[in-house]
Amino acid sequence: MTKAQESCFHCALPVPPGSHYSVVINGKEQPMCCPGCQAVAQAIVDNNLTDFYKYRTESSVTATNLVTNLNCRGVLLVALMINTRKLNRRH
């Protein structure tokens, strides 16, 4: 029987095999999937905000969620930045 894959304590994504990211939260070492989740979770702990984990109702947003949700806005923003640079070069 194989060991069930762990989920990241911060974002709930699967923890990749061989990953060694973790943070001690409320006295217990919790697995993290990546250095980003590890850094955010450690900042939460360092600032005594661990109630965030106690009271949250869903997993934390991942970078992929942000890119997907902001994709249209992001495309518009990039287009605006490119046009602004072109205008600045003319003057």
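Everything here concerns the structure above.
Described in the following lines is the structure provided in the data block. Note that the coordinates shown come from a computational prediction; the quantities given were computed from them, not determined experimentally.

### Some thoughts on the overall build of the protein
Then step 1. The helix and strand inventory of the protein stands at three helices and two strands.
Then step 2. Starting at the N terminus, the α and β elements of the protein follow one another as β-β-α-α-α.
Then step 3. Burial statistics for the protein: of 91 residues in total, 20% are counted as buried.
Then step 4. Across the protein, contacts joining residues at least 24 apart in sequence account for 30% of those joining residues at least 6 apart.
Then step 5. Surface summary for the protein: the accessible area is close to 7300 Å², and the carbon and sulfur share equals 58%.

### Quick notes on the pairing of strand S2 (residues 28–31)
Then step 1. Judged from the four bridges that link them, strand S1 (residues 22–25) and S2 form a sheet pairing that is antiparallel. Note that in S2 the partner of Val 23 across the bridge is Gln 30.
Then step 2. Where S1 hands over to S2, the hairpin turn is made up of two residues, of which Asn 26 adopts a positive phi near 55°.

### Some points on helix H1 (residues 35–46)
Then step 1. The end-to-end C-alpha distance of H1, which contains 12 residues, comes to 16 Å, matching closely the 16 Å that a straight helix rising 1.5 Å per residue would cover.
Then step 2. If you follow the buried residues of H1, they end up packed against S1 and helix H2 (51–55).

### A look at the side chain of Thr 50
Then step 1. Considering the arrangement of structural elements, one finds Thr 50 in the loop between H1 and H2.
Then step 2. Look at Thr 50 and you get buried, because its relative accessible area is 15%.
Then step 3. Polar side-chain contacts of Thr 50 include one of 3.3 Å to the side chain of Asn 26.
Then step 4. Not counting the four nearest positions on each side in its chain, Thr 50 is found in contact with Ile 25, Asn 26, Ile 44 and Val 45.

### Looking at the nonpolar core
Then step 1. The biggest cluster of nonpolar side chains holds 12 residues, and these are Cys 8, Cys 11, Val 15, Val 23, Ile 25, Met 32, Cys 33, Cys 37, Ala 41, Ile 44, Val 45 and Tyr 53.
Then step 2. Only S1 and H1 provide two or more residues apiece to this core.
Then step 3. Beyond its immediate sequence surroundings of up to four residues, Val 23 is in contact with Lys 28, Glu 29, Gln 30, Met 32, Gln 38, Ala 41, Gln 42 and Val 45.

What counts and how
- All residue numbers refer to positions counted from 1 along the written sequence of the respective chain.
- Owing to the predicted nature of the model, reporting of local features is limited to residues with pLDDT of at least 70; listing and counting of side-chain atom pairs is limited to 80 or more, with chain, interface and lining totals taken over all residues.
- Hydrogens and waters are ignored; side-chain quantities use all the structure's heavy atoms.
- Put simply, DSSP H or I for four residues or longer makes a helix, DSSP E for two residues or longer makes a strand, and each gets a number counted from the N terminus.
- A simple rule labels every residue: compare its accessible area, found with a 1.4 Å probe on the protein chains alone, to the largest value its type can have, and call it buried under 20%, exposed over 50%, or partly exposed in between.
- Contact between two residues is taken to exist if any of their heavy atoms lie within 4.5 Å; hydrogens are not considered.
- Computed by Shrake-Rupley with a 1.4 Å probe, the accessible areas treat only the displayed protein chains as cover when residues are assessed.
- Pairing between two strands requires that DSSP report at least two bridges joining them.
- Expected span of a helix, by definition, is 1.5 Å for each gap between consecutive residues, and there is one gap fewer than residues.
- Here a polar contact is taken to be a pair of N or O atoms separated by no more than 3.5 Å, where protein atoms must pair a possible hydrogen donor with a possible acceptor and residues adjacent in sequence count only if both atoms sit in side chains.
- Think of a nonpolar core as a cluster: buried Ala, Val, Leu, Ile, Met, Phe, Trp, Tyr and Cys residues, connected wherever their side-chain atoms sit within 4.5 Å.

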